[in-house]
Every structure is written in C-alpha cells, then in structure tokens.
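Remarks on the overall topology
Below are the chains, spelled out letter by letter.
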Amino acid sequence: MEAKDKRTEEKEHEGFALKFLSGKHQGTEFPLQNGSEIIIGRASDIPGSMVLDEEKVSRKHARLLCAGSNLVLQDLGSTNGTFVNGERINAARLEEGDRILIGSSILKLIVRTGDEDTHEAHAQSRMARKAERNQGFSMSGRLEDVPMPDVLQLIGSSRQSGVLKISAGRSGRVYIREGQIFHAEIDGEEHLGPRKALSRLVGWEEGAFELGPPAGDEIETTLCEQTEALIMDALRQLDELRLIQSDLPSSDATVTLQQELESPLRDLSPEKLDLLQLAHNCKTVQEVLDASSLSDVDAAGHLLFLINKGYVYSR
C-alpha cells in the first residue's frame, strides 16, 4: 500500500506546472519535475533554471524545491521580493491555484493536462520565443485568469507604480504610485467619482489589463486610503449591490414618478429626494445610478426604497 501511495503521489506531482498569466511569457507553462530544484531569476547559466530577464528580477531571485507532493518556494534575498497570493514571503508551501508574483510575471500553479513535452529545456525555449513576441510588455494579462482584485493586490503588495489600463469593450484606468491607488476613471463616464469608478472596475470580470508607465504630475490624488482598504470596500459594495439588484428592476428598465404619491415628500431624507429628482430627469435605472453622486450601492438602495414605497414605478 505504501509503494502504491508513493507512486500515486509522485504521479500527481509530475502533473504540476507553473503557468504564466502575465508578463513577457504570458500563456506558456513551465513543468515541474519531481525531485528538481529550480532557480528563478535573470541568471541564464544555471541548468534547469527559469530565466526571467527583466529589471525587477534579481539574478537569483527565488528557488522552487519539488519533493514529492511538496512544492516549496523560497525567496533568495531578492531586491523586489517574491509574492504568493499577494503576500511577500521568505518561504511558502505551494498548493494548486496559488498565484506567484515575481517582477512583472504572475504565475499560477496548475495541474498539467494533455501530452505536451514536459522537459524543462523545451519549456525554456517556448518561454524565450514567447518573450520575443511580447517584448516591451509589462505586467499584462486577462481578467479571466487573474481577477481585478487580485491584480490590484499584487501590484499593491509589490509596491509597483504605473497606470493599470483595463479594456473590456469599454476601458478604464487605475493610477498607482508605489503600490498605492490614488485615482481611477472609466472612459466615457468622467462624471463618476474616482471611488465609484474604482468600485465598478473591481467588478469587471472579463477583458485585458496592462500596467503601463507612471502618469505625470497632472493626475490629481483623489483616493488616499490604503490600497487594501480600497479593494475591500469595493468588494463589500459589490456584494451588497448584488443583493439589492436581485430586487431592483433591470438596469435598462424605465423609471417614472408616480402622478399621485401615496406618501408625503417630507418623509424622505435629502439623499432620497435627490434620487427622486434623478428618477424624474433620467430614463432608466442605470442612468439614475450613473447620475447619482452616491455610491452605486447607496443609490440602488434608495431607488429600491422609492419604488417599494410607491414614489417611483418602473416598467
């Protein structure tokens, strides 16, 4: 039984690989062989190494030890650090699905499928060809692979600077300085406040992202909280908004004031009166949410109240 368990364990381990979700090597996989020790860094003269030739990567940046079912990643005193699931580590045991950030590369531990050649030298060759095609790319990838909250957390943890551009049919930008988000905007929706824009961007689940060069001094600092606090607040708002939207009419439903109000206007708070005015001026639920200076969750909550109390009806 022990021999069988050992063979099964080793077979499972041989099925693991690191998949690049961003950076120059995006889309390639590096197989992990049982019993191997892989040095990750800029050094190209180490057999079996994973070469990441970029400025933010040290010559010997990290070591990955593959022993049976244990995959242990160790930072080798790198200048810019090694991160696992957004946390800077000295050493960490990896599990399937873990995300690693080294330089501008986001890697995910996956189980390999298919009959691809698993030799490390072939993997390194594929990485080199991919890097040539993607020359000049910084941190970039797909939101389907790396959700927006994880992208922001990884950039924040590694204290990188730049403009994170998100393209998903529409486009938006998050401005980051040494890991700190200081402004956000969505193209065509300049009337949205930066906090409201950031909350919406955090909820985008499809599209491409790329961290470009830092913005100039003309971009004003409008968000002062820590990046982690901003992400957590945006996630909280999205969760609450989903609950409200389950009872709210669809975003393209029209809204109209009732001609004969069942309840007096004096019962309404200033915020609800403002929403009532917007419902009079706007045509749809989405237009009301867009026009409100309140957060989406607060505006949706007030609008649902007005509908339930008979001030507004929708169709």
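Our subject is the structure that appears above.
Treat the numbers as computed from the prediction; the structure is a model and nothing was measured. (Residues numbered from 1 in each chain as written. Predicted model: local features only at pLDDT ≥ 70, side-chain atom pairs only at ≥ 80, totals over all residues. Heavy atoms only, no water.)

1. Points about the nonpolar core
If you look at soluble globular proteins, the nonpolar side chains tend to sit buried side by side. Counting 32 residues, the largest nonpolar core has Leu152, Leu164, Val174 and Leu198 as its most contacted members. For this core, the secondary structure elements donating two or more residues are helix H3 (148-157), strand S13 (162-168), strand S14 (170-177), strand S15 (180-186), helix H4 (194-202), strand S16 (208-212) and helix H5 (227-245). Counting residues per element, this core draws most heavily on H3, at five residues. Once residues lying within four places of it in the same chain are set aside, the contact partners of Val174 are Met148, Leu152, Gly162, Val163, Leu164, Ile166, Ile181, His183, Ala184, Leu198 and Leu201. (Core = buried A, V, L, I, M, F, W, Y, C linked by side-chain atoms within 4.5 Å. Buried < 20%, exposed > 50% of the residue type's maximum accessible area, 1.4 Å probe, protein only. Helix = DSSP H or I, 4+ residues; strand = E, 2+ residues; numbered from the N terminus. Contact = heavy atoms within 4.5 Å.)

2. Observations concerning the pattern of salt bridges
Tallying each qualifying case throughout the model produces 16 salt bridges. One salt bridge in this structure joins Asp150 and Arg99, with 2.9 Å as the shortest N-O distance. Of this pair, Asp150 sits in helix H3 while Arg99 sits in strand S10 (residues 99-102); the two residues are 51 residues apart in sequence, bridging distant segments of the chain. For Asp150, a relative accessible area of 23% gives the class partly exposed. Glu178 is the salt-bridge partner of Arg159, the closest N and O atoms lying 3.3 Å from each other. Taken together, the residues Arg159 in the loop between H3 and S13 and Glu178 in the loop between S14 and S15 connect sequence positions 19 residues apart. According to the relative accessible area criterion, Arg159 is exposed, its value standing at 54%. (Salt bridge = Lys/Arg side-chain N within 4 Å of Asp/Glu carboxyl O.)

3. Details of unusual backbone geometry
Although it is not a glycine, Asn85 sits at a positive phi angle of roughly 50°. Residue position: Asn85 is located in the loop between strand S7 (83-84) and strand S8 (87-88). For Asn85, a relative accessible area of 38% puts it in the partly exposed group. We note that Arg159 has phi near 55°; this positive angle belongs to a residue other than glycine.

4. Overview of the sheet that holds S14
Strand order in this open sheet of five strands is S12-S16-S13-S14-S15, and the pairing throughout is antiparallel. Each end of this open sheet is capped by a strand with a single partner; those strands are strand S12 (140-142) and S15. Taken over all neighbouring pairs, the strand axes of this sheet differ in orientation by 15° on average, direction set aside. Relative to S16, S12 is paired through three bridges, and the arrangement is antiparallel. Within the sheet, the bridge partner assigned to Ser140 lies in S16 and is Glu210. (Pairing = 2+ DSSP bridges. Axes fitted to C-alpha atoms, helices over the stretch in contact; angles between N-to-C directions.)

5. Let's talk about the sheet that holds strand S3 (residues 37-41)
Strand order across the open sheet formed by five strands is S4-S3-S5-S6-S9, with mixed pairing between neighbours. Strands at the two margins of the open sheet, each flanked by one partner only, are strand S4 (50-51) and strand S9 (91-93). As judged from the three bridges shared by strand S6 (residues 70-75) and S9, these two strands associate in the antiparallel manner. Looking at S9, one finds that Leu73 is bridged to Ala92.

6. Structural notes on the packing of aromatic side chains
We describe a pair of aromatic rings using the distance from one ring centre to the other and the angle between the two ring planes. Enumeration according to the criterion identifies one aromatic pair in this entry. When the ring of Tyr175 is compared with that of Phe182, the centres are 6.1 Å apart and the planes differ by 50°; the resulting orientation is tilted. Each member of the pair, Tyr175 as well as Phe182, is classed as buried. Above the plane of the ring of Phe182 lies Arg177, whose end atom (NZ or CZ) is 3.9 Å from the centre. If you follow Lys272 out to its NZ or CZ, it ends over the ring of Phe305, 4.8 Å from the centre. (Phe/Tyr/Trp six-rings, centres within 6.5 Å; stacked < 30°, edge-to-face > 60°. Lys NZ or Arg CZ within 6 Å of the ring centre and 35° of its normal.)

7. A word on the environment of Ser250
Tracing the backbone through its elements, the reader meets Ser250 in the loop between H5 and strand S17 (255-257). You can call Ser250 partly exposed: its relative accessible area is 42%. Polar contacts involving the side chain of Ser250 include one to the side chain of Asp252, which spans 2.7 Å. (Polar contact = N/O pair within 3.5 Å; in protein donor to acceptor, adjacent residues only side chain to side chain.)

8. Section: the environment of Arg99
Owing to a relative accessible area of 15%, Arg99 belongs among the buried residues under this scheme. When the C-alpha positions of Arg99 and Asp150 are compared, they lie 9.1 Å apart, and in sequence the two are 51 residues distant. What Arg99 contacts, discounting residues up to four positions off in sequence, is Leu21, Phe83, Val84, Asn85, Ile106, Leu107, Lys108, Asp145, Val146, Pro147 and Asp150. One polar contact links the side chain of Arg99 to the main-chain carbonyl oxygen of Asp145, over a distance of 2.8 Å. A polar atom in the side chain of Arg99 sits 2.9 Å from the side chain of Asp150.

9. Some thoughts on the pairing of S15
With respect to burial, S15 is a largely interior element, six of its seven residues being buried. Counting the residues that bridge the hairpin from S14 to S15 gives two residues, and of these Glu178 lies at a positive phi of roughly 50°.

10. Observations regarding the side chain of Lys272
Mapping Lys272 onto the fold places it in helix H6 (residues 270-281). For the buried residue Lys272, which engages in no salt bridge, the nearest side chain bearing the opposite charge is Glu271, 6.5 Å off. When near neighbours in sequence (up to four residues on either side) are disregarded, Lys272 contacts His302, Phe305 and Leu306. (Lys, Arg positive; Asp, Glu negative; His and termini not counted.)

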